[in-house]
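Tertiary structure, described
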Amino acid sequence: MPLEKKERIIVPDENGEENLFEVLFTFDVDETGDSYIAVVPVEQAEDEEVEVYAFRYEETEKEDLTLFPIESDEEWDMVEEMLNTLSDEELVE
């Protein structure tokens, strides 16, 4: 069974350095109209604990993404709940 190729994006850090991330999932929240994306660094040691980064995002007409930091505890809780749900579903498959 061939591995599914994951979508990748480049995210600049606070120093302007570009880092390559693999998209875990995206989801929309109907109540607020906000969209969220969860990503992991492509280059990480296999024995390291996976560090997941999450952002709120907006997509432009040119299909560019603008990422925004998640600042409220409510947003973090929602993203974490979605991550846990998707992880549980993946374990069942």
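Here, the structure is the one placed above.
Everything in this summary refers to the structure shown in the same document. (Residues numbered from 1 in each chain as written. Predicted model: local features only at pLDDT ≥ 70, side-chain atom pairs only at ≥ 80, totals over all residues. Heavy atoms only, no water.)

Assigned secondary structure in the protein chain consists of one helix and five strands. Tracing the protein chain from N to C terminus, the helices and strands come up as β-β-β-β-β-α. Within the protein chain, the fraction of its 93 residues that count as buried is 23%. Taking as baseline every contact in the protein chain between residues at least 6 positions apart, the subset at least 24 positions apart corresponds to 21%. Put simply, the protein chain shows about 7800 Å² of open surface, and 45% of that area lies on carbon and sulfur atoms. (Helix = DSSP H or I, 4+ residues; strand = E, 2+ residues; numbered from the N terminus. Buried < 20%, exposed > 50% of the residue type's maximum accessible area, 1.4 Å probe, protein only. Contact = heavy atoms within 4.5 Å. Areas by Shrake-Rupley, 256 points an atom, 1.4 Å probe, with all protein chains shown as cover.)

Side chains that differ in sign of charge can pair as their charged atoms come close. In the structure shown here, the tally under the stated rule is three salt bridges. Where Arg56 meets Glu75, a salt bridge forms, and the shortest distance between an N and an O atom there is 4.0 Å. With Arg56 in strand S4 (residues 53–59) and Glu75 in helix H1 (residues 73–92), this residue pair connects regions lying 19 residues apart in the sequence. Across this residue pair, the class does not change: Arg56 and Glu75 are buried. One salt-bridge network, held together by shared partners, links Arg56, Glu58 and Glu75. (Salt bridge = Lys/Arg side-chain N within 4 Å of Asp/Glu carboxyl O.)

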